[in-house]
Structure formats: C-alpha cells, structure tokens
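Reading the structure
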There are 2 protein chains.
Amino acid sequence: MTDLDLMRTLTQPADTKIVLLVMDGLGGLPRQVNGPTELEAADTPNLDRLAREGMLGLMHPVSIGISPGSGPGHLGLFGYNPLKYLIGRGVLEAVGIGLRLTDQDVAARGNFCTVDADGLITDRRAGRISTDECARMVGLLEGITLPGVDLVVKPVRDYRFVLILRGPGLSPCLTETDPQKIGVRPLNAEPEEDSEAARHTADLVNQWVEKVRDRIRDQHPANMVTLRGWSEEPGLPSFHDVFKLNAAALAVYPMYKGLASLVGMTLIQGLADLEDQLQALRDIWHAHDFFFVHYKYTDSRGEDGDFDAKVKEIEKVDKAIPRILEQNPDVLVVTGDHSTPAVLKSHSWHPVPLLFWAPGVTRSNPDVRGFGETQCLRGALGQFNGVDLMKLITAYGKRQVKYGA
Amino acid sequence: MTDLDLMRTLTQPADTKIVLLVMDGLGGLPRQVNGPTELEAADTPNLDRLAREGMLGLMHPVSIGISPGSGPGHLGLFGYNPLKYLIGRGVLEAVGIGLRLTDQDVAARGNFCTVDADGLITDRRAGRISTDECARMVGLLEGITLPGVDLVVKPVRDYRFVLILRGPGLSPCLTETDPQKIGVRPLNAEPEEDSEAARHTADLVNQWVEKVRDRIRDQHPANMVTLRGWSEEPGLPSFHDVFKLNAAALAVYPMYKGLASLVGMTLIQGLADLEDQLQALRDIWHAHDFFFVHYKYTDSRGEDGDFDAKVKEIEKVDKAIPRILEQNPDVLVVTGDHSTPAVLKSHSWHPVPLLFWAPGVTRSNPDVRGFGETQCLRGALGQFNGVDLMKLITAYGKRQVKYGA
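Summarised in this report is the structure supplied together with it.

**Quick word on unusual backbone geometry**
- The omega torsion across H220 of chain A and P221 of chain A is 0°, close enough to zero to call that bond cis.
- Mapping P221 of chain A onto the fold places it in the loop between α7 (196–216) and β7 (224–231).
- We note that R128 of chain B has phi near 50°; this positive angle belongs to a residue other than glycine.
- In this fold, R128 of chain B is placed in the loop between β4 (121–123) and α6 (131–140).
- For R128 of chain B, a relative accessible area of 54% translates into the label exposed.
- The phi dihedral of K244 of chain B falls on the positive side, at around 60°, and the residue is not glycine.
- Summarising the element assignment, K244 of chain B is placed in the loop between α8 (239–243) and β8 (247–250).

What follows is the structure, encoded as structure tokens:
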C-alpha cells in the first residue's frame, strides 16, 4: 500500500488544529568544528521551551543524502513521496509566479540567450538581463500564435521566463532545446516518446521558436531563447481527500503558494510579511484546521552565505511563536523544507531539525534543552523521512484510526 | 526481494534458543512533561540488568506514525510486513475464539442488532446483550442450512459473533451488511468483484440472513443480524519455512494463539496465567527453538487508563525474567506489539521500547542504565520497523548466512 493510500484509509476528520511552520532552509552547519549551527547560535527562548515540552527529530525531506529543491522538499512535508511525484521545472516556474495550470497545459522554463550571426550561442543567459528587460522582451513575443493552442508567456526573474502551451492532445515528453554549452545552435525540440501528441507538441514548439527568432533577432543582448523542463500539472491527489484536513497556506512567496495550490490547499492572498501571516492566522483560525505557514528569509540568508543574518531571521520567527500559541494549536511543527547552511551557500542534504509539539501525547526526553541540530540528534523522533511527517501529524492530531484489527 | 524471500534465502537451522517475550501494549507515555512512562515508573531490576548487558531500541510495529491493531502488531513481530499481509476482521474474530480456518472458509464478524416492525435498525448492538445472551441467540441459529456449504456460527463477546461459510467456490469479496447507522434496513451482501464465486457467496449469505430473520424475529432485543469484515485465511507463508525455526506459542488469550497459528506456530494449550507459561516454557524447552510468550495485561490496564496498574503488570513480568534466564536462552527479546499509553486509553502510534539480549554478540552502550523509553532512545538498535525484528533475531541467533559473496 502506498503512503497516500494508507493515509486515505486511516485518516478521519477531527476538531484538532495543526500548524506547520516551515522556515525555509532551516538546517545549518557550524562555521568551525564544534561551533554552533545557525539555529544553535540563535537566541530562541520560545522554540527552546517548546523543544523541552515536545519532541525533536531530524528529517530527511527526500531521503538520506539527497539535497532537495523547493518542490520535493515541500511535497515531502505535505506527505507526498517526492521520489514518486515529480514537479517539472516548467510547472514549478509557472506556479512560482502564481499561474494556475489546467490539465491541458504543457509548461517549459525558458531562458533568453545571445546568439551570433551564425546562430551559435555566445551567452546562455543573455548577459543575465534584468527582470525588467525580461518583461520587455516577453512583451515583444505577444501576438505570436500557433494553430489549435493558446499560448501563455510570462517573465519570471532575470533572463528566465515561462512558456505554457494550452490545448488538447499535447505531451510534455520533449527534449530540451538548451544545449547547455556555447558555440552551438539551440537544439530543436524532439519527441521523447513515440506518440502523436509528442510529435505534435514538438512541431508546435519548433514553430514557436522560429517565430520568436524572427521577432527578436535584432534585439541585444537577448536575441534567442532556449526551453527546458517540459512538464505538466502533476495531478497530485488532494490533500483534503488524503488527510481529511481543510488546509490553508499562509505564504508570502508565489512559489510556495503555488506548491500548496498543487495539493489543493486554500491560498490566503495578500500577505506581504510575517506580521500579515500572523494576523491572517488569527483571522482564519476558525475556518481551517491545518495551517501551512512559510517563512522564506532563513533560506535567502543561507543562500547569501550570511550566517549572522540567517541567525537573525531565525530569531524573528522565534518571536512570532507566542502569537501562534495564542491560537491554542493541538499540534505545532516547526521545521524546514531542506537545509541551507550559510557555509555552503546552497540547499544541502543535511537532515532538517524538526520540533514537534503536541501537549499531552508526546514522549518526554529530559536530555533535550532547546531547539538545535545537536539536540535533535537526541530527540524522541529519531531520524525519519519527510514523507512520514504527515503520518506523525495526523497521529498526534488524533485524526487516525487504528490500522487493522 | 521481499523481506520474507530474503529471510527464506538466508536463514538456516541452528542449535540456538530464542525467546520473544511480548508485553502487549508495553509502550507508554508520561503523565506530565518529563515524568516517567509506565515502564520507567516500574521497578524492574531484572530487565534493567538485561538492558545494561544487551541493547535497546525503539520499534515501529507497522510504520512510523501508525497505530497498529493486534493483528498487524504481531505480524510485524513475526517478520511479516503488516502493510502487505492484512488479516480481515472476520478471520481475526474467528482465530480470536480459537477456531482454525481452512482454505475453503469465508469468515465474517456478526453483530446482533434490533430492528423495528418495519425492519429498520433501532440499535446496532441490540442493547449490548451479554455474552451469555449472545450464546443463547447463536443457539437459536443452529440447524440453519445452505446448499453446498457448511456453516459455523459461534458467539464471541457481548453482541458479537462469528459466521464461517465453508465450502468450495466461495469468495470474501462482499460488501458489508451493516449500514453503520440506525433508521435504515440492514443491507444485502453484494459481490465486490465480478466473479461467480462472489455472486454465489453473496447469494448464500443473503439466504442465510433471511433464514436468521425468520428464526429470531420475535426475540428481544436481538432480532436481526449484520455482517462485516468478510475475509479468508490469509495464507501466510509458514514461519518454519521462512525462518527454519520450530516455534511454540505460549499465550493465554485465544486471539494471540490464533495469530500464532496463522503462521504455523505450535500452540501450547491449557495455559491460564504467567505461572503456567513459565512452567510450560521449561517443559517444552527441549522440543522447540523459538518461544513466543505473550502477556496480555499490560495492554488491558493501559486500555483502562490505569497507569499505576499497568506499572504493576510490568513489575510482575520483571519478576518472571529469572525464570526465563534459567533456561539459558541464546536470544531474549522483550518488547510489545504496540504502545498502549494509559493516558490515551488506547493503542497508539508511539514506537515500542525493545530490549535485545544475546550474550557475547551484542554491542555495548555505556549510556544505558535500564529499560525504558528514554533509555531506548539512546539504544544501540536505534529506531526500526517491526518487520526487521526477525532479521535481528535470526542474525543474533546465528541462524543466518552471509548475503552475497
């Protein structure tokens, strides 16, 4: 039985309220041997208290030794096996800028690039043009049409854009047109499976690229495009059907709202910062029973390589904890979707510290003094995979029946 | 390769003797933050000594975050993946009262219920009639016959009974007749698959129910029946074939003897209490090499919500440990089939403390002072799934060959 089938069978509605607070990229590393990680260096009296009252563990979002992207990291947190369900780059970019996909869509991530007079790529990122310049370039592509499909082209950031083909009989089984090197031409899209839909889609894509080339050949530095990450709406089973939870997503960044929307969570719109999120949590508390609260800047400062700034972001979230506790959640989980150690300046494979607080049903561990990676090593939850988190959440939230008689 | 195929390949006979002592529902929770669990509160000098000499761990009988019923809990302990092998409610009730099933049997769990003059259910449990009244009612059903099958009807407890249809060409793929609400008629059994066997069985069941209705329509309060949990003997591979162990089950309660019989263990009959079990262990020591000893009352007191009484049951078992050690087992495992924290009054998903003692081949862990959940967190065995226990047992019992060259 798959994880989702098992959960669909065992979960049932209940009155309990659950908060999943995700500090993006929470996990860290020390700057020197036996030094503190970012979380350990941070002054977090509220999280430390919850750690002593609850349970700690270390979570592998995808699997031991795997560095997750945002998509797989969040799918794991939401209970979907990220090794089974893959969200393609095209779809991820699309939901990341707030687009809603239909089951007729094929999406790709596009790059503006620079080609020379012979059509050979001289810069795969067109000099990393600005987002404004990208938007201007996308504007030049308006009005291009293809037979039988609608087209959506939207700027993302810098030289990146999204292309969506919308219509019947399309397939994402296409090769990428980015040759991943300079000095050669962009490739044609080719069908990757022997199907009419794939041949048809490849043909449409190549027609579109030809039209784009004609439109922007005299622009500079962006005078050509490449396309990759062909993908379609992943058709994830609904979070509500599987877990019987009426979930709300309180996220500031479109990417995380998009990921929540792929599993059918209700998106709370118009949130600009943590204060907005806390206010919204109070306002919608009565209307939902699962609250996904996403905080981005721990990851951003980790990616910057700024250890001290990441520490400060963690401390900001710690100060918000009492505001969350005012709502009297039955289960509060604080964790990340992956680690982003400042010393690595990137997502990493290190398991993510996880704090599980559910008064009255958690096992004590007098060894634990506060929230941090080293403390999590001694935690009652041990080390486990992200896909199992929703099993724990629904169990501690008293939303599961016994398995078997 | 499945777990069982792997074990079938690697295990071989040996002279070692193994005792698996299951304290049902052993795992517990503290009554207050950082208080002791039932096992930690118990005075267990013998188990504490074994914990210091052996190894500890925490076991998830089915999976992290899943609350096991008795069936899946024991299947895991016996090395059978409980997510693969499921024992239906009808079969579990049947083996629970000591019935032996054949491969021609289809079993259901029945309820006596009360219907009004229009046949609408007014009480799904017939006022929770006593077991004696249930036995009298079952007596009224004697002599009902169906073409081509033998019938077995036996009282279980209160308003519950077991129905077995025995004959060729039957199928358990039937819908339940209990509508799970009052004010409506019991449902007909319908085939759940498109097969002659399912249609035939449904027809027989509906005939039987009609005859039952006629027999008991003037009784009160039980004047009708519902049927659910259609199931057949699960056809588990034999414990002896898989593990090359000649196993004996020393259990007092029929349910656990039944579960042991489903994997082909030899049932030692006539055991009324722990003293009987210890005596039998000595008497049959020469004749078997694996001894499943089951103690029920730790679970019973947990289900009652009586923390102190559960502590006392654990202490009773601790006093029995020297009697077991007198036999000089090569491996002694002490654990539970699931947790039943008194504070929850029910089976729970919390991993079960496990003590593994095998002189000469266990890894030392100087951190461990005694047997308890917090100590198990520091144990050399870490956290693992129930299905892996038999791998450990046969390995430490020197009954496995190397995997691969």
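Here the narrative resumes.
**Digging into the pairing of strand β3 (residues 105–115) of chain B**
All names here are of chain B.
- Within β3, 11 of the 11 residues are buried, leaving the element largely enclosed by the surrounding structure.
- Alternating residues of β3 divide into D105, A107, R109, N111, C113 and V115 and V106, A108, G110, F112 and T114, and every residue in both groups is buried.
- Here β3 pairs with strand β6 (residues 160–166) via 7 bridges, running antiparallel. Bridge pairing in β6 links A107 to I164.
- Sheet topology places β3 next to strand β7 (residues 224–231); 6 bridges connect them, and they run antiparallel. Residue R109 lies in a different strand from β7, and its bridge partner there is R228.
- One ladder, built from 2 bridges, connects β3 with β4; its direction is antiparallel. Counterpart to V115 in the pairing with β4 is I121.
- From the end of β3 to the start of β4, which pair antiparallel, there are 5 residues, and G119 there has a positive phi angle of about 85°.

**Focus on the interface of chain B and chain A**
- On the chain A side, the residues contacting the 36 residues of chain B number 31 residues.
- At the boundary of chain B with chain A, total buried surface from both sides reaches about 2,500 Å², with 60% on carbon and sulfur atoms.
- When the buried area of chain B at its contact with chain A is split by residue, I64, L83 and W349 of chain B rank highest and sum to 23% of it.
- Our enumeration of links across chain B and chain A arrives at 1 salt bridge.
- A salt bridge links R378 of chain B to D367 of chain A, with the nearest nitrogen and oxygen atoms 2.6 Å apart.
- For the side of chain B that touches chain A, the secondary-structure elements that each account for two or more residues are α4 (70–77), α5 (89–96) and α13 (373–377) of chain B.

**Details of the packing of helix α10 (residues 274–284) of chain A against helix α12 (residues 307–325) of chain A**
Residue and element names in this part refer to chain A.
- Relative to each other, α10 and α12 sit at 15°, their axes nearing to 11 Å. Between α10 and α12, the interaxial angle falls into the category roughly parallel. Considering only the axes of α10 and α12, their crossing is right-handed. Residue-level inspection shows L274, E275, L278, Q279 and L281 of α10 in contact with α12, the latter providing K316, V317, A320, R323 and I324.
- The class makeup of the residues in the contact of α10 with α12 is 6 nonpolar, 1 polar and 3 charged.

**What about the sheet that holds strand β11 (residues 331–335) of chain A?**
Residue and element names in this part refer to chain A.
- A sheet is described by the order of its strands in space; here 8 strands give the open sequence β9-β8-β10-β1-β11-β12-β2-β13, paired in mixed fashion. A strand with exactly one partner marks an edge of an open sheet, and here the two such strands are β9 (266–267) and β13 (383–385).
- Packed on one face of the sheet, helix α14 (residues 389–396) meets β1 (18–23), β2 (55–60), β10 (290–295), β11, β12 (352–357) and β13 and runs near 10° to β12.

**Some words on the relation of the copies chain B and chain A**
- Once turned by 124° and shifted 0.3 Å along the axis, chain B lies on chain A with an RMSD of 0.3 Å. A rotation of that kind, with that shift, is consistent with a three-fold axis.
- The fraction of interface residues of chain B whose copies in chain A are also interface residues is only 3%, indicating that the copies meet through different surfaces.

Each value, and the rule that gives it
Residues numbered from 1 in each chain as written. Chains lettered and ligands numbered in written order. Predicted model: local features only at pLDDT ≥ 70, side-chain atom pairs only at ≥ 80, totals over all residues. Heavy atoms only, no water. Helix = DSSP H or I, 4+ residues; strand = E, 2+ residues; numbered from the N terminus. Buried < 20%, exposed > 50% of the residue type's maximum accessible area, 1.4 Å probe, protein only. Pairing = 2+ DSSP bridges. Contact = heavy atoms within 4.5 Å. Buried area = accessible area lost by both parts, 1.4 Å probe. Salt bridge = Lys/Arg side-chain N within 4 Å of Asp/Glu carboxyl O. Axes fitted to C-alpha atoms, helices over the stretch in contact; angles between N-to-C directions. Parallel < 35°, antiparallel > 145°, perpendicular 65-115°, else oblique. Left-handed = near helix turned anticlockwise from the far one by under 90°. Nonpolar A, V, L, I, M, F, W, Y, C, P; charged D, E, K, R; others polar. Least-squares fit on C-alpha atoms with pLDDT ≥ 70 in both.

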